[in-house]
Amino acid sequence: MALIAALLPNPADRESLRAAAPPHEVLWAESWRELYRLVRRQPVSAAVADLHAETRKDGVLRVFRFAQRFPLTPVVVWGEMEGRELFRLGKAAASEVIVSRDADDRFLVAEILDSVLHDPLAELVDGRLEGRVGDEGRTLVHYAAEHIPLHVQVPDLSAAYGMSVSTLERRCERWGLPTPGRLLLWLRVLYGLRWLLEPGRSVESVAFQLGYSSGAAFRRAIKATIGGRPSPLRNQTGLERALESFLTECPGEAAQPVAAGG
């Protein structure tokens, strides 16, 4: 399940999005300003916005400004559009377009939403673990990564796999992974650093998205994993360096000692 922030003033459009969105949750905004606030304060995976949500304002310009502030958050543009607007939307970095005549086709709308709701960080981490950690371990990490925006905790992780926390800890050791708690800590930090690549986010807003009580708590999480402060890490190089540090704590099953007689 993902969170979608939506700016759709028309009740019929809202109903069309509701029909296509399950199993995802939709958060409703009443203006572009509120849409920005939702993306800053909630772990939103994508935004949907009516191009003409605010009359007498240039909707394409609003899309462009959104993409500047949140370049890693896909924005799907909805509504009536003429040829020139479609051309400008391409330059404004709109991820997808749903024109009004297609809005009632919930299967098409669902397909478009699914196309933008993939989890790039979960896929990135999984790709880097391939060849290092076995399939079972990678499946666990991928599941945990996908659920970081939903504030997954260790008991949630163990329950999802039908085992006790202690059994999950032993499995992580066998698979050459950090402990479940350490794994979730690392994934929160990696998510936070990726979110901080967006100019529209602050350390405090990212901390809130990750479930921390304050920006200071998130900074402590960074210090506990990679050290240092978040500001110098607000670039792709910083995220890559953090990922490399995480990988050093994931030696994989091949690095585990073989029991005598095994």
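Residues numbered from 1 in each chain as written. Predicted model: local features only at pLDDT ≥ 70, side-chain atom pairs only at ≥ 80, totals over all residues. Heavy atoms only, no water.

Novice: Provide a residue-level description of the packing of helix α6 (residues 120–129) against helix α7 (residues 135–147), including the pertinent values.
Specialist: Where α6 meets α7, the axes come as close as 9 Å, and the angle between the chain directions of the two elements is 160°. The angle between α6 and α7 places the two elements in the roughly antiparallel class. Of the two possible hands of crossing, α6 and α7 adopt the one that is right-handed. Mapping the contact onto sequence places Ala 122, Glu 123, Val 125, Asp 126 and Leu 129 in α6 and Arg 138, Val 141, His 142, Ala 145 and Glu 146 in α7. Among the residues forming the contact of α6 with α7, the class breakdown is five nonpolar, one polar and four charged. (Axes fitted to C-alpha atoms, helices over the stretch in contact; angles between N-to-C directions. Helix = DSSP H or I, 4+ residues; strand = E, 2+ residues; numbered from the N terminus. Parallel < 35°, antiparallel > 145°, perpendicular 65-115°, else oblique. Left-handed = near helix turned anticlockwise from the far one by under 90°. Contact = heavy atoms within 4.5 Å. Nonpolar A, V, L, I, M, F, W, Y, C, P; charged D, E, K, R; others polar.)

Novice: Run through the sheet that holds strand β3 (residues 44–50), naming residues and quoting values.
Specialist: Remark on secondary structure: sheet strands pair via backbone hydrogen bonds, oriented parallel or antiparallel. Reading across from one edge, β2-β1-β3-β4-β5 is the order of the five strands in this open sheet, with parallel pairing throughout. A strand with exactly one partner marks an edge of an open sheet, and here the two such strands are β2 (25–28) and β5 (96–99). The mean angle between the axes of side-by-side strands here comes to 25°, regardless of whether they run parallel or antiparallel. Here four bridges tie strand β4 (residues 75–79) to β5, and the two strands are oriented parallel to one another. Each bridged residue has a counterpart across the sheet, and for Val 76 the counterpart in β5 is Glu 96. Sitting on the sheet, helix α5 (residues 106–116) is in contact with β1 (3–7), β3, β4 and β5, with an inclination near 165° to β5. (Pairing = 2+ DSSP bridges.)

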